[in-house]
Amino acid sequence: LGVDHRPHPRLTLTAGAALQRFDDGNLRRRASARAQWLLAGQPRWVVGAEALAFHSDRPRSASRPDRGYWNPARYREARAYTAVEVERRPWDFSLRLGLGAATEVDADGGRSHGQPHQWALAVGRDLGPQARLQLGLGGSGAGLGLGGGGSGYWRRSATLSLHAWF
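Figured I'd write up the structure that's included with this text. (Residues numbered from 1 in each chain as written. Predicted model: local features only at pLDDT ≥ 70, side-chain atom pairs only at ≥ 80, totals over all residues. Heavy atoms only, no water.)

1. What to know about the overall build of the protein
Summing up its helical and strand segments, the protein has 0 helices and 10 strands in all. From first element to last, N terminus to C terminus, the protein shows the α and β order β-β-β-β-β-β-β-β-β-β. Oriented by its inertia axes, the alpha-carbon framework of the protein measures out at about 55 × 40 × 35 Å. The 166 residues of the protein split such that 27% are buried. For the protein, contacts bridging at least 24 residues in sequence account for 44% of all contacts bridging at least 6. Of the roughly 10800 Å² of accessible surface on the protein, a fraction of 59% belongs to carbon and sulfur atoms. (Helix = DSSP H or I, 4+ residues; strand = E, 2+ residues; numbered from the N terminus. Buried < 20%, exposed > 50% of the residue type's maximum accessible area, 1.4 Å probe, protein only. Contact = heavy atoms within 4.5 Å. Areas by Shrake-Rupley, 256 points an atom, 1.4 Å probe, with all protein chains shown as cover.)

Right under this line is the structure:
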């Protein structure tokens, strides 16, 4: 469930909540929030801050085996970001950069901290009035997800998507 509110033409506020039930009976309660300010309209340039938090009622612990998914008891994340979008029909291009901090607590009371920094690039093309193709690349985590592994969490992604309106 999510809601966006625009109290000013340049300000967008977003809030979300989710309940996620996993096949092992774990129920995760998640909340998110974002505030975004439009600095320029063409190209579109925004700055913002976002936060995410969740609580799992059956987290992994020394007495509960790992089910193969990341499952701390509590997780908190905050990030400041900026994003630029350029539109040259039928193409559009976007870049997003963010700096973040996170804390997680496992079921045994262990606490860890991370830096979920983020980058994302995307290019899209209109295929017609009812379809758009988009290619995206991104990374997040320690070293912006560019590191070669080792300790610390990181993620890299490549996406190819087709959006159709009907």
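2. Points about the environment of Leu27
Following the sequence through the fold, Leu27 ends up in strand E3 (residues 27-41). Residues Leu27 and Ser56, 29 residues apart in the sequence, show an inter-C-alpha distance of 5.8 Å. Leave out the neighbours within four places in its chain, and Leu27 touches Leu19, Gln20, Arg21, His55, Ser56 and Asp57.

3. Side note on the packing of aromatic side chains
Applying the stated criterion across every chain, the model contains 5 aromatic pairs. An angle of 5 degrees between the planes, with centres 4.4 Å apart, marks the rings of Phe22 and Tyr69 as stacked. Of this pair, Phe22 sits in the loop between strand E2 (11-21) and E3 while Tyr69 sits in the loop between strand E4 (44-56) and strand E5 (74-88), placing them 47 residues apart in sequence. Looking at Phe22, the relative accessible area reads 24%, which means it is partly exposed. Ring centres 4.9 Å apart and planes at 85 degrees place the aromatic pair Trp70 and Tyr75 in the edge-to-face group. For Trp70, a relative accessible area of 43% gives the class partly exposed. (Phe/Tyr/Trp six-rings, centres within 6.5 Å; stacked < 30°, edge-to-face > 60°.)

4. Description of the pattern of salt bridges
On inspection of all chains with the given rule, the structure shows 10 salt bridges. For the salt bridge of Glu85 with Arg44, the shortest nitrogen-to-oxygen distance reads 3.8 Å. With Glu85 in strand E5 and Arg44 in strand E4, the pair connects residues that are 41 residues apart, well separated along the chain. Put simply, Arg96 and Glu50 hold a salt bridge, and the shortest N to O gap is 2.4 Å. Of this pair, Arg96 sits in strand E6 (residues 91-105) while Glu50 is found in strand E4, placing the two residues 46 residues apart along the sequence. Salt bridges linked by common partners bring Arg34, Glu50, Glu77, Arg79 and Arg96 together as one network. (Salt bridge = Lys/Arg side-chain N within 4 Å of Asp/Glu carboxyl O.)

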